[in-house]
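So you can see what is in the structure, the chains are spelled out below.
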Amino acid sequence: MTQLKHWLVWLSRIHHSWGFGIQSPTDYAFVRYVVNEHWPYYAYENLLDDDWMQQKLGRLYFRLANWRQPNRMIVDHYQRYWQAGCKKTQFVSDSDIDHVELARVDVDDENTWNRLLLLCDEHSVMIVEGLWRNPKRWKSLVKDARVMTTFNLYYCGILLFEKKRYKHHYTINF
């Protein structure tokens, strides 16, 4: 993605910055202190060798792992970010996972998506990368009855499954 397009996306979402307009205290705290936290974390200086998009997403994944503290996750190319956020996390292959605590899936990987959705419960958090490539798929995930809260960050989306909450979709400037 070109730098110009990055700035155009950011400017088009400027009115969705820092959790403004979010009425739920839980969702506001999540957006403010996990998604859009800009204070430097202890591990950031060790995670500097990627391009700007991998670093941006990697730091988000670091904060998500730090917030969620998963015991098991599927191995992926962001593993060092997940591990920096939660040292206790064990990484297993896709076929060895029996419960989703925190997982990252590409929006176009429908087979993995469908299988992992069946393994989600109220405490699961799913990250979907590449929303702009398949907006129809993202809309179908937002409408899925199992998904209660969604955060569209343009580069990725975050799905929460807590049934005690009202269904809500947020667009966030990330």
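Everything numeric in this text was worked out from a predicted model, so none of it was measured.

1. Digging into helix H3 (residues 52-68)
Note: α-helices contain 3.6 residues per turn, so residues at a spacing of three or four share the same orientation.
Part 1 of the reasoning: The end-to-end C-alpha separation of H3 is 24 Å, in line with the 24 Å expected for 17 residues at 1.5 Å each.
Part 2 of the reasoning: Along H3, the residues classified as buried are Met53, Gln55, Leu57, Gly58, Leu60, Tyr61, Phe62, Arg63, Leu64 and Ala65.
Part 3 of the reasoning: In the segment just after H3, Gln69 is the residue with positive phi, at about 55°.

2. Some remarks on the environment of Arg80
Part 1 of the reasoning: Inspection of the secondary structure puts Arg80 in helix H4 (residues 79-85).
Part 2 of the reasoning: A sequence separation of 19 residues divides Arg80 from Tyr61, and the C-alpha atoms of the two residues are 9.8 Å apart.
Part 3 of the reasoning: Once you skip the residues sitting within four places of it in the chain, Arg80 turns out to touch Asn46, Leu47, Asp49 and Asp50.

3. Let's talk about the nonpolar core
Part 1 of the reasoning: The biggest cluster of nonpolar side chains holds 35 residues, and the ones touching the most others in it are Tyr61, Leu64, Trp82, Phe151, Leu153 and Ile158.
Part 2 of the reasoning: Considering every element that reaches this core, the biggest residue donor is H3, with 7 residues.
Part 3 of the reasoning: Sequence-distant contacts of Trp82, defined by excluding residues within four places in its chain, comprise Tyr61, Leu64, Ala65, Met73, Asp76, Phe91, Leu102, Arg104 and Ile127.
Part 4 of the reasoning: Core analysis: the next-biggest nonpolar cluster, separate from the first, contains 20 residues, Cys120, Trp138, Val147 and Phe161 among them.

4. A word on the pairing of strand S3 (residues 102-106)
Part 1 of the reasoning: With 4 of 5 residues buried, S3 is to be regarded as a mostly interior element.
Part 2 of the reasoning: Relative to strand S4 (residues 125-129), S3 is paired through 5 bridges, and the arrangement is parallel. Within S4, the position partnered with Asp106 by the bridge is Glu129.
Part 3 of the reasoning: A crossover connection joins S3 to the parallel S4 through helix H5 (residues 110-117); in handedness this β-α-β unit is right-handed.

So, how was this worked out
Residues numbered from 1 in each chain as written. Predicted model: local features only at pLDDT ≥ 70, side-chain atom pairs only at ≥ 80, totals over all residues. Heavy atoms only, no water. Helix = DSSP H or I, 4+ residues; strand = E, 2+ residues; numbered from the N terminus. Expected span 1.5 Å × (residues − 1). Buried < 20%, exposed > 50% of the residue type's maximum accessible area, 1.4 Å probe, protein only. Contact = heavy atoms within 4.5 Å. Core = buried A, V, L, I, M, F, W, Y, C linked by side-chain atoms within 4.5 Å. Pairing = 2+ DSSP bridges. Right-handed = clockwise from strand over helix to strand, strands pointing away.

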